[in-house]
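# Structure assessment
Chain residues, written in single-letter form:
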Amino acid sequence: MKANNPSTKIMRLNLVVVTAIAMAYAQIPATLSFYIHLVGGKAWDVPSKPNHYETWAKGEKFTKDDILVFDFCTGMHTVAEVPKVAYDTCNTTAAKTIETLGPTTVTVSNVGMYFFICTKHCQSGQKVAIDVKPS
Ligand SMILES: *[C@@H]1O[C@H](CO)[C@@H](O)[C@H](O)[C@H]1NC(C)=O
């Protein structure tokens, strides 16, 4: 397993973003209106400040059909979508979805709150709440 090879990682991220853009083009008829958010503004990792992801999310505007990019190396972290109660308590067994291959993207296609945690480092603050507004 050579998951931490940097060039492999960059190629995968490019592929993920290009695929996401291509898919978005195919689905949006008249206007192309979505944003790609690099979650946390840098790699999806254990934050140096406990409220890093909260602060980051406050500074972003999320609208329906936006794309979230979680940039991490396979094996280091995960991205699990969880209910609010599991987000608050870092309950890793309550995940709705879990992505273990990094980097990965999530399209937020519903209006409302999304909660994501790293199942390995949630207790260390590696979790983010995303408030998706109508477009
Ligand atoms: C964690 O979530 C699971 C599944 O929803 C639930 O069965 C369990 O009781 C929860 N654990 C805690 C400590 O809340």
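Above this note sits the structure.
This report concerns the structure included in the present document. (Residues numbered from 1 in each chain as written. Predicted model: local features only at pLDDT ≥ 70, side-chain atom pairs only at ≥ 80, totals over all residues. Heavy atoms only, no water.)

## Description of the sheet that holds strand 1 (residues 36–38)
- Spatially, the 3 strands line up as an open sheet ordered 1-3-6, and their pairing is mixed. Of all strands in the sheet, those bounded by a partner on one side alone are strand 1 and strand 6 (104–108). Each strand axis lies, on average, 25° off the axis of its neighbour in the sheet, ignoring direction.
- Sheet topology note: the strand 3 (residues 66–70)/strand 6 ladder contains 5 bridges and is antiparallel. Counterpart to Asp66 in the pairing with strand 6 is Val108. (Pairing = 2+ DSSP bridges. Helix = DSSP H or I, 4+ residues; strand = E, 2+ residues; numbered from the N terminus. Axes fitted to C-alpha atoms, helices over the stretch in contact; angles between N-to-C directions.)

## Thoughts on the sheet that holds strand 2 (residues 62–63)
- Read from one edge of the open sheet, 5 strands run 2-8-7-4-5, paired in mixed fashion. Among the strands making up the open sheet, the edge pair consists of strand 2 and strand 5 (97–99).
- As paired elements, strand 7 (residues 112–117) and strand 8 (residues 127–133) share 6 bridges and run antiparallel to each other. Pairing of Gly112 across the sheet is with Val132, part of strand 8.

## Focus on the pattern of salt bridges
- Under the defined criterion, the tally for this structure stands at 5 salt bridges.
- Asp65 serves as the salt-bridge partner of Lys64, at 3.6 Å between the closest nitrogen and oxygen.
- Residue Lys64 is classed as partly exposed on the basis of its relative accessible area, which comes to 29%.
- What makes Asp65 partly exposed here is its relative accessible area of 30%.
- Across the pair Asp131 and Lys133 runs a salt bridge whose closest N-O atoms are separated by 3.2 Å.
- Asp131 gets classed as partly exposed once you look at its relative accessible area, which sits at 32%. (Salt bridge = Lys/Arg side-chain N within 4 Å of Asp/Glu carboxyl O. Buried < 20%, exposed > 50% of the residue type's maximum accessible area, 1.4 Å probe, protein only.)

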